[in-house]
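# Results of the structural survey
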Amino acid sequence: MAEEELPGVLILDIGGTHGVLEDLAALLKKHFHLITMKEFLGNKEEMSKKIQSIFVFECRPTIDRELLESLPNLKVIGNSGVGVDHLDLKMISSFGVKVTNTPHAVADPTADIGMALMLASARRLVEGNVLNFLGPSYFFGIPHFCCDRDDLSDQYLGCFYREKNSEALTFRGIYFYVSLLFRATV
């Protein structure tokens, strides 16, 4: 299929500090004609007709009314992340545009990292690692610096999580006999 036959997707840029990762851009190029924001702004009249989708990567490009009004054939905004807090869903839907995201794609890895960080904090692993490299004399002879307790059973750990992540984190906490206290985030 020729490139001009592929649907156009607007992205901020490829590579660099804020652009779509180059490997991801290569994957997108198999299915879309990628149009960077620079190309779009350089030739709005022609490019606006080709763009049917916007790929939002790390909250960029910013979706505002002016951008939506300039894209008459826009059908969908694909958000690469879990949340859509940075998108004005009411305004976007008023243009008849759909929004997609990946709400549960990283719930398990996020819960794994959350549990690892809480356990590392409770066991003071960072201090223990420093002690391992600098030696006990650096800490003025404190022999049990990183192990105040033998276990974490019946302890409470607090965290800020929401929705699917809290379920996954709670599931992991069961194996350590740790009760998790959640504060809802909005």
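Residues numbered from 1 in each chain as written. Predicted model: local features only at pLDDT ≥ 70, side-chain atom pairs only at ≥ 80, totals over all residues. Heavy atoms only, no water.

An unreviewed UniProt entry annotates the protein chain as HPPR reductase originating from Hylia prasina.

### Looking at the nonpolar core
Residues Leu-10, Phe-40, Ile-54, Ile-63 and Ile-77 are the most contacted members of the largest nonpolar core, which totals 19 residues. Among the secondary structure elements, those contributing two or more residues to this core are α2 (37-42), β3 (51-56), α4 (65-69) and α5 (89-94). For this core, the leading source of residues is β3, giving three residues. Leave out the neighbours within four places in its chain, and Ile-77 touches Ile-54, Val-56, Ile-63, Leu-68, Ile-92, Val-97, Lys-98, Val-99 and Thr-100. Ile-11, Val-20, Leu-28 and Phe-55 belong to the second largest nonpolar core, which has eight residues in total. (Core = buried A, V, L, I, M, F, W, Y, C linked by side-chain atoms within 4.5 Å. Buried < 20%, exposed > 50% of the residue type's maximum accessible area, 1.4 Å probe, protein only. Helix = DSSP H or I, 4+ residues; strand = E, 2+ residues; numbered from the N terminus. Contact = heavy atoms within 4.5 Å.)

### Brief notes about the sheet that holds β3
Ordered by their spatial adjacency, five strands build an open sheet running β2-β1-β3-β4-β5, and the pairing between neighbours is parallel. If you trace the sheet from one side to the other, it starts and ends with β2 (33-36) and β5 (98-100), each paired once. Neighbour-to-neighbour, the strand axes of this sheet turn through a mean angle of 25°, independent of strand direction. Pairing geometry for strand β1 (residues 8-11) and β3, over three bridges, is parallel. (Pairing = 2+ DSSP bridges. Axes fitted to C-alpha atoms, helices over the stretch in contact; angles between N-to-C directions.)

### A look at helix α6 (residues 107-122)
Counted at 1.5 Å a residue, the expected span for α6 with its 16 residues is 22 Å, and the 22 Å between its end C-alpha atoms agrees. For α6, the complete set of buried residues consists of Ala-107, Ala-111, Gly-114, Met-115, Met-118 and Leu-119. The buried residues of α6 occupy an angular sector of 125° when projected down its axis, which confines them to one face. Seen from the buried face of α6, the exposed residues on the opposite side, beyond 90 degrees, are Ile-113, Leu-117 and Ser-121. Arg-124 sits one or two residues past α6 and shows a positive phi near 55°. (Expected span 1.5 Å × (residues − 1). Arc of directions from axis to C-beta.)

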